[in-house]
Amino acid sequence: MTAAALLLAPVPALAGDYFWSGDWYLKVGAAGFSAPRYEGAKGHLFQITPLISLGKAGSAVRFSSRNDNPSFALIDSGAFRAGATGKLIMPRDEDDSADLKGLTPVKFGGELGGFAEVYPTDFLRVRGEVRRGIRSHDGVVADIAADAFVDVLPNVRVSAGPRMTLASKDYMQAYYGVKPSQVAASGLAAYDPSGGLHSVGVGAAITWQVSENIETSAFAEYKRLMGPAADSSLVKQRGDRDQTLIGVAATYRFGFTVP
(Lines give C-alpha, C1' and ligand atoms only; values in the text may rest on other atoms or scores of the structure.)
Protein backbone atom coordinates (compact mmCIF):
# COMPACT_ATOMS: atom_id res chain seq x y z
CA MET A 1 0.00 0.00 0.00
CA THR A 2 1.09 3.61 -0.67
CA ALA A 3 1.64 5.40 2.56
CA ALA A 4 2.36 8.79 1.02
CA ALA A 5 2.14 10.67 -2.27
CA LEU A 6 4.88 13.10 -3.39
CA LEU A 7 4.53 15.08 -6.64
CA LEU A 8 7.26 17.56 -7.55
CA ALA A 9 7.74 19.94 -10.46
CA PRO A 10 10.58 19.42 -12.96
CA VAL A 11 13.99 20.90 -12.20
CA PRO A 12 14.27 24.45 -13.62
CA ALA A 13 16.37 24.54 -16.77
CA LEU A 14 17.68 28.11 -16.41
CA ALA A 15 21.15 28.47 -14.96
CA GLY A 16 21.21 30.17 -11.55
CA ASP A 17 17.58 29.22 -10.88
CA TYR A 18 17.67 27.04 -7.80
CA PHE A 19 15.13 24.24 -7.73
CA TRP A 20 14.26 24.73 -4.06
CA SER A 21 13.63 28.50 -4.33
CA GLY A 22 10.07 29.81 -4.54
CA ASP A 23 6.61 29.01 -3.26
CA TRP A 24 5.86 25.47 -2.12
CA TYR A 25 2.94 23.55 -0.66
CA LEU A 26 2.79 20.73 1.85
CA LYS A 27 -0.27 18.48 2.16
CA VAL A 28 -0.68 16.35 5.26
CA GLY A 29 -3.50 14.03 6.17
CA ALA A 30 -4.52 10.42 6.63
CA ALA A 31 -6.39 7.61 4.91
CA GLY A 32 -8.45 4.92 6.58
CA PHE A 33 -9.31 1.81 4.58
CA SER A 34 -10.20 -1.86 4.71
CA ALA A 35 -7.78 -4.02 2.71
CA PRO A 36 -6.53 -7.64 2.59
CA ARG A 37 -4.14 -8.54 5.42
CA TYR A 38 -1.51 -9.44 2.82
CA GLU A 39 -1.35 -9.86 -0.96
CA GLY A 40 -3.71 -12.70 -1.80
CA ALA A 41 -5.35 -12.87 1.64
CA LYS A 42 -9.00 -13.72 2.21
CA GLY A 43 -9.33 -11.79 5.48
CA HIS A 44 -9.38 -7.99 5.67
CA LEU A 45 -7.87 -5.52 8.12
CA PHE A 46 -8.75 -1.87 8.76
CA GLN A 47 -5.68 0.32 8.42
CA ILE A 48 -4.81 3.98 8.87
CA THR A 49 -1.88 5.47 6.96
CA PRO A 50 -0.44 9.01 6.79
CA LEU A 51 -0.58 11.02 3.56
CA ILE A 52 2.16 13.53 2.71
CA SER A 53 2.39 15.50 -0.52
CA LEU A 54 5.03 18.13 -1.32
CA GLY A 55 5.22 20.27 -4.45
CA LYS A 56 5.96 23.60 -6.05
CA ALA A 57 3.07 26.06 -6.04
CA GLY A 58 1.86 26.78 -9.56
CA SER A 59 3.03 23.36 -10.82
CA ALA A 60 -0.35 21.70 -10.30
CA VAL A 61 -0.71 18.20 -11.68
CA ARG A 62 -3.81 17.83 -13.86
CA PHE A 63 -4.82 14.54 -12.25
CA SER A 64 -3.43 12.32 -9.50
CA SER A 65 -4.54 8.98 -8.11
CA ARG A 66 -4.00 7.34 -4.74
CA ASN A 67 -2.28 4.57 -6.71
CA ASP A 68 0.46 6.97 -7.82
CA ASN A 69 3.66 6.32 -5.94
CA PRO A 70 5.97 9.16 -4.79
CA SER A 71 7.30 10.76 -7.98
CA PHE A 72 9.79 13.37 -9.15
CA ALA A 73 9.07 14.75 -12.63
CA LEU A 74 12.18 15.43 -14.70
CA ILE A 75 10.14 16.11 -17.85
CA ASP A 76 6.84 18.00 -17.77
CA SER A 77 5.24 19.36 -20.93
CA GLY A 78 1.70 19.44 -19.54
CA ALA A 79 0.37 16.59 -21.66
CA PHE A 80 3.37 14.37 -20.81
CA ARG A 81 5.31 13.84 -17.60
CA ALA A 82 8.17 11.45 -16.81
CA GLY A 83 10.73 10.98 -14.08
CA ALA A 84 11.72 8.97 -11.03
CA THR A 85 9.40 7.17 -8.65
CA GLY A 86 9.61 5.03 -5.54
CA LYS A 87 7.49 3.00 -3.17
CA LEU A 88 7.81 2.13 0.52
CA ILE A 89 7.41 -1.59 1.23
CA MET A 90 6.17 -2.63 4.65
CA PRO A 91 7.35 -5.92 6.19
CA ARG A 92 5.22 -9.06 5.97
CA ASP A 93 5.48 -12.05 8.31
CA GLU A 94 3.40 -14.46 10.38
CA ASP A 95 2.58 -11.67 12.86
CA ASP A 96 0.36 -10.22 10.12
CA SER A 97 -1.51 -13.51 9.65
CA ALA A 98 -1.20 -17.12 10.77
CA ASP A 99 -1.54 -17.98 7.04
CA LEU A 100 2.10 -16.92 6.62
CA LYS A 101 3.56 -19.22 9.25
CA GLY A 102 6.67 -20.99 8.01
CA LEU A 103 7.17 -18.72 4.98
CA THR A 104 10.13 -16.41 4.38
CA PRO A 105 9.31 -12.94 5.80
CA VAL A 106 9.30 -9.93 3.49
CA LYS A 107 11.63 -7.31 4.95
CA PHE A 108 10.97 -3.59 5.28
CA GLY A 109 12.36 -1.86 2.22
CA GLY A 110 11.34 -0.12 -0.96
CA GLU A 111 11.18 0.00 -4.74
CA LEU A 112 12.84 2.56 -7.01
CA GLY A 113 12.32 3.18 -10.71
CA GLY A 114 10.72 5.48 -13.23
CA PHE A 115 7.29 6.63 -14.34
CA ALA A 116 5.69 8.17 -17.41
CA GLU A 117 2.19 9.52 -17.91
CA VAL A 118 0.34 10.98 -20.86
CA TYR A 119 -3.01 12.73 -21.40
CA PRO A 120 -4.50 11.54 -24.71
CA THR A 121 -7.49 13.82 -23.98
CA ASP A 122 -8.37 16.45 -21.41
CA PHE A 123 -10.28 13.88 -19.35
CA LEU A 124 -8.04 10.80 -19.61
CA ARG A 125 -4.64 10.01 -18.10
CA VAL A 126 -2.54 6.89 -18.78
CA ARG A 127 0.34 6.21 -16.38
CA GLY A 128 2.97 3.51 -16.12
CA GLU A 129 5.57 2.79 -13.45
CA VAL A 130 8.48 0.32 -13.46
CA ARG A 131 10.27 -0.26 -10.14
CA ARG A 132 12.96 -2.57 -8.78
CA GLY A 133 12.87 -3.89 -5.24
CA ILE A 134 15.43 -2.88 -2.63
CA ARG A 135 15.88 -5.16 0.39
CA SER A 136 12.25 -6.37 0.46
CA HIS A 137 12.69 -8.33 -2.78
CA ASP A 138 14.99 -8.46 -5.81
CA GLY A 139 12.25 -8.35 -8.43
CA VAL A 140 10.86 -5.83 -10.88
CA VAL A 141 7.24 -4.60 -10.79
CA ALA A 142 5.34 -2.69 -13.50
CA ASP A 143 2.02 -0.93 -12.89
CA ILE A 144 -0.15 0.40 -15.73
CA ALA A 145 -3.33 2.42 -15.13
CA ALA A 146 -5.77 4.53 -17.14
CA ASP A 147 -8.11 6.98 -15.41
CA ALA A 148 -10.99 8.95 -16.88
CA PHE A 149 -11.99 11.92 -14.73
CA VAL A 150 -14.75 14.50 -14.77
CA ASP A 151 -15.70 17.42 -12.53
CA VAL A 152 -19.39 16.84 -11.81
CA LEU A 153 -19.35 20.03 -9.73
CA PRO A 154 -16.73 22.79 -9.53
CA ASN A 155 -15.33 21.18 -6.37
CA VAL A 156 -16.25 17.51 -6.90
CA ARG A 157 -14.34 15.15 -9.21
CA VAL A 158 -15.22 11.56 -10.12
CA SER A 159 -12.59 9.25 -11.62
CA ALA A 160 -12.32 5.58 -12.56
CA GLY A 161 -10.34 3.24 -14.76
CA PRO A 162 -8.57 -0.10 -15.25
CA ARG A 163 -5.31 -1.25 -13.63
CA MET A 164 -2.80 -3.95 -14.47
CA THR A 165 0.34 -5.18 -12.69
CA LEU A 166 3.16 -7.36 -14.01
CA ALA A 167 6.02 -8.74 -11.92
CA SER A 168 9.24 -10.70 -12.35
CA LYS A 169 9.98 -14.16 -10.95
CA ASP A 170 11.92 -12.75 -7.96
CA TYR A 171 8.93 -10.66 -6.89
CA MET A 172 6.52 -13.57 -7.28
CA GLN A 173 8.87 -15.81 -5.30
CA ALA A 174 9.04 -13.34 -2.40
CA TYR A 175 5.25 -12.95 -2.09
CA TYR A 176 3.80 -16.19 -3.48
CA GLY A 177 6.54 -18.83 -3.46
CA VAL A 178 6.70 -21.78 -1.06
CA LYS A 179 10.06 -23.56 -0.85
CA PRO A 180 10.17 -27.36 -0.44
CA SER A 181 11.92 -26.80 2.92
CA GLN A 182 8.92 -24.71 4.08
CA VAL A 183 6.20 -27.28 3.33
CA ALA A 184 6.25 -28.96 6.76
CA ALA A 185 6.24 -25.71 8.75
CA SER A 186 3.71 -23.87 6.59
CA GLY A 187 1.37 -26.69 5.67
CA LEU A 188 1.31 -25.39 2.09
CA ALA A 189 2.22 -27.22 -1.10
CA ALA A 190 5.61 -26.30 -2.57
CA TYR A 191 5.33 -23.68 -5.30
CA ASP A 192 8.00 -22.09 -7.50
CA PRO A 193 6.32 -19.25 -9.44
CA SER A 194 7.48 -17.71 -12.69
CA GLY A 195 7.18 -14.06 -13.64
CA GLY A 196 4.33 -12.59 -15.65
CA LEU A 197 0.93 -11.01 -15.23
CA HIS A 198 0.20 -10.40 -11.55
CA SER A 199 -3.29 -8.88 -11.51
CA VAL A 200 -5.91 -6.89 -13.38
CA GLY A 201 -8.59 -4.70 -11.86
CA VAL A 202 -10.35 -1.38 -11.64
CA GLY A 203 -10.36 1.60 -9.29
CA ALA A 204 -12.68 4.54 -8.67
CA ALA A 205 -12.68 7.65 -6.49
CA ILE A 206 -14.75 10.70 -5.60
CA THR A 207 -12.76 13.77 -4.53
CA TRP A 208 -14.32 16.78 -2.80
CA GLN A 209 -12.37 20.03 -2.54
CA VAL A 210 -13.99 21.25 0.68
CA SER A 211 -12.02 24.51 0.68
CA GLU A 212 -8.85 25.94 -0.81
CA ASN A 213 -6.82 23.94 1.71
CA ILE A 214 -8.96 20.93 2.64
CA GLU A 215 -9.53 17.95 0.32
CA THR A 216 -11.42 14.74 1.07
CA SER A 217 -11.99 11.60 -0.96
CA ALA A 218 -13.66 8.20 -0.95
CA PHE A 219 -12.17 5.38 -3.00
CA ALA A 220 -12.67 1.74 -3.88
CA GLU A 221 -10.57 -0.78 -5.79
CA TYR A 222 -10.93 -4.33 -7.02
CA LYS A 223 -8.26 -6.57 -8.52
CA ARG A 224 -8.14 -10.22 -9.53
CA LEU A 225 -4.89 -12.10 -9.13
CA MET A 226 -3.75 -13.74 -12.34
CA GLY A 227 -1.19 -16.24 -13.60
CA PRO A 228 1.63 -17.15 -11.19
CA ALA A 229 0.06 -15.17 -8.32
CA ALA A 230 -3.33 -16.89 -8.63
CA ASP A 231 -1.71 -20.33 -8.91
CA SER A 232 0.16 -19.97 -5.61
CA SER A 233 -0.67 -22.57 -2.97
CA LEU A 234 -0.89 -19.69 -0.47
CA VAL A 235 -3.75 -18.17 -2.47
CA LYS A 236 -5.43 -21.46 -3.42
CA GLN A 237 -5.32 -23.04 0.05
CA ARG A 238 -5.80 -19.99 2.30
CA GLY A 239 -6.41 -16.87 0.28
CA ASP A 240 -8.61 -15.43 -2.44
CA ARG A 241 -7.91 -14.34 -6.01
CA ASP A 242 -10.40 -11.49 -5.62
CA GLN A 243 -8.93 -8.56 -3.71
CA THR A 244 -10.93 -5.48 -2.66
CA LEU A 245 -10.10 -2.22 -0.92
CA ILE A 246 -12.38 0.60 0.21
CA GLY A 247 -11.63 3.71 2.22
CA VAL A 248 -11.69 7.47 2.80
CA ALA A 249 -8.99 10.14 3.05
CA ALA A 250 -8.54 13.79 4.01
CA THR A 251 -5.65 16.23 3.61
CA TYR A 252 -4.85 19.82 4.59
CA ARG A 253 -2.62 22.04 2.46
CA PHE A 254 -0.03 24.45 3.90
CA GLY A 255 1.81 27.04 1.82
CA PHE A 256 5.37 28.29 2.44
CA THR A 257 8.22 30.08 0.64
CA VAL A 258 11.86 29.02 0.35
CA PRO A 259 14.29 31.86 -0.47
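This section reports on the structure supplied with the text.

Conventions and cut-offs
- Residues numbered from 1 in each chain as written.
- Predicted model: local features only at pLDDT ≥ 70, side-chain atom pairs only at ≥ 80, totals over all residues.
- Heavy atoms only, no water.
- Buried < 20%, exposed > 50% of the residue type's maximum accessible area, 1.4 Å probe, protein only.
- Helix = DSSP H or I, 4+ residues; strand = E, 2+ residues; numbered from the N terminus.
- Arc of directions from axis to C-beta.
- Salt bridge = Lys/Arg side-chain N within 4 Å of Asp/Glu carboxyl O.
- Pairing = 2+ DSSP bridges.
- Contact = heavy atoms within 4.5 Å.
- Core = buried A, V, L, I, M, F, W, Y, C linked by side-chain atoms within 4.5 Å.

1. Brief notes about helix α1 (residues 169-176)
Part 1: All of the buried residues along α1 are Y171, M172, Y175 and Y176. The buried side chains of α1 occupy one side of the element, clustering within an arc of 95° when seen end-on.

2. Focus: unusual backbone geometry
Part 1: One non-glycine residue, R135, adopts positive backbone phi at about 75°.
Part 2: Position of R135 among the secondary structure elements: in the loop between β7 (124-134) and β8 (140-153).

3. Some thoughts on the pattern of salt bridges
Part 1: Here the structure, examined in full by the defined rule, presents 15 salt bridges.
Part 2: R127 is the partner of E129 in a salt bridge, and the nearest nitrogen-oxygen pair spans 2.9 Å. In this structure, E129 and R127 share a single accessibility class: buried.
Part 3: Ionic pairing is found between R131 and E129, a salt bridge with its closest N-O pair at 2.9 Å.
Part 4: R131 sits in the buried class, given a relative accessible area of 1%.
Part 5: Assessed through its relative accessible area of 4%, E129 is described here as buried.
Part 6: Overlapping salt bridges, with partners in common, bring together D68, D76, R81, E111, E117, R125, R127, E129, R131 and D143 in one network.

4. Some remarks on the pairing of strand β4 (residues 71-76)
Part 1: As paired elements, β4 and strand β5 (residues 80-89) share five bridges and run antiparallel to each other. Looking at the pairing, I75 lines up with A82 of β5.
Part 2: The turn joining β4 and β5, which pair antiparallel and follow one another in sequence, is formed by three residues; a positive phi near 95° is taken by G78.

5. Focus on the side chain of T85
Part 1: Here T85 is to be found in strand β5.
Part 2: By relative accessible area, which is 4% here, T85 ends up buried.
Part 3: With residues up to four places along the chain from it excluded, the contact list for T85 reads N69, P70, S71, E111, L112, G113, G114, F115, R127, E129 and R131.

6. Remarks on the nonpolar core
Part 1: Grouped together as the largest cluster of nonpolar side chains are twelve residues: I89, V106, V141, A167, Y171, M172, Y175, Y176, L225, A229, A230 and V235.
Part 2: Listing elements by their share of this core, those giving two or more residues are α1 and α3 (227-230).
Part 3: Sort the elements by how many residues they give to this core and α1 lands first, with four residues.
Part 4: Look past the residues within four positions of V141 in its chain and what remains in contact with it is E111, E129, V130, R131, T165, L166, A167 and Y171.

7. Focus on the environment of N155
Part 1: Locating N155 in the fold gives a position in the loop between β8 and β9 (156-167).
Part 2: Classification of N155 by relative accessible area gives partly exposed; the value is 29%.
Part 3: For the pair N155 and Q209, spaced 54 residues apart in sequence, the C-alpha separation works out to 5.0 Å.
Part 4: Beyond its immediate stretch of four places on either side in the chain, N155 contacts T207, W208 and Q209.

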